[in-house]
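A closer look at the structure
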Amino acid sequence: MLTAKDIMTTDCITLTPDTDITAAATLLLEKKINGAPVLDGDQVVGVLCQSDLIAQQKKVTLPSFFTLLDGVFPLSSHDQLEREMTKIAALKVGDAMTPAPIFVHPDTTIEDVATMMANEKLYTLPVVENDKLVGVVGKEDILKTLVKA
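Conventions used here
Residues numbered from 1 in each chain as written. Predicted model: local features only at pLDDT ≥ 70, side-chain atom pairs only at ≥ 80, totals over all residues. Heavy atoms only, no water. Helix = DSSP H or I, 4+ residues; strand = E, 2+ residues; numbered from the N terminus. Buried < 20%, exposed > 50% of the residue type's maximum accessible area, 1.4 Å probe, protein only. Polar contact = N/O pair within 3.5 Å; in protein donor to acceptor, adjacent residues only side chain to side chain. Contact = heavy atoms within 4.5 Å. Salt bridge = Lys/Arg side-chain N within 4 Å of Asp/Glu carboxyl O. Phe/Tyr/Trp six-rings, centres within 6.5 Å; stacked < 30°, edge-to-face > 60°. Lys NZ or Arg CZ within 6 Å of the ring centre and 35° of its normal. Pairing = 2+ DSSP bridges.

Mapped onto the elements of the fold, T108 is located in the loop between β5 (98–99) and α6 (110–120). The buried category is assigned to T108, whose relative accessible area is 15%. A distance of 2.9 Å separates a polar side-chain atom of T108 from the backbone oxygen of H105. Beyond its immediate stretch of four places on either side in the chain, T108 contacts T3, A4 and V113.

Listed below in structure tokens is the structure:
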């Protein structure tokens, strides 16, 4: 049975939280990758994907409110709006990335990796062993296994 270590890319392209958003977008496009792990020292602190960068271009959705007995109540979280605004206005990777990413172990089966990707809509998964980044599994890595089979 194939595992993450069998298909992962070990020569990882990584970013830091202080990387400029434009430089990060250029790197993802030049390398033709969907995303990259974000490292603070040796620690994986996030993942920046093309979808995080696309989110910067969307319209701001202002929260809806309802009134009851002269009180005004928001229908969505103030924290959610604040996170959305921070992502839209991001100049650095640290503000646009998905923090606290889901990662896999080198021995995670391909079936489990594919299930995580499909269920969570994640297409770049860091592979971590002993708290260190050892590789990355992307959606293309999974697709390549289908072509080889």
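Past the structure itself, the notes keep going.
Here the focus is the pattern of salt bridges. Inspection of the entire model under this criterion finds two salt bridges. Measuring nitrogen to oxygen at the nearest pair gives 2.8 Å for the salt bridge that ties D107 to K5. Here the residue D107 occupies a position in the loop between β5 and α6, and K5 occupies one in helix α1 (residues 4–7), the gap between them amounting to 102 residues. Notably, a salt bridge pairs K132 with D42, separated by 3.1 Å at the nearest N-O pair. With a gap of 90 residues between them, K132 in strand β7 (residues 132–138) and D42 in the loop between β1 (35–40) and β2 (43–49) connect regions that are remote in the sequence. For K132, a relative accessible area of 41% translates into the label partly exposed.

This part is about the packing of aromatic side chains. Under the counting rule described, the total for this entry stands at zero aromatic pairs. We note K139 situated over the ring of Y123; from NZ or CZ to the ring centre the distance is 5.3 Å.

Turning our attention to the sheet that holds β2. Ordered in space as β1-β2-β5, the three strands form an open sheet in which the pairing is antiparallel. Here the strands that pair on one side only, and so sit at the sheet edges, are β1 and β5. Relative to β2, β1 runs antiparallel, the two being bridged by six bridges. Paired with P37 across the bridge in β2 is V47.

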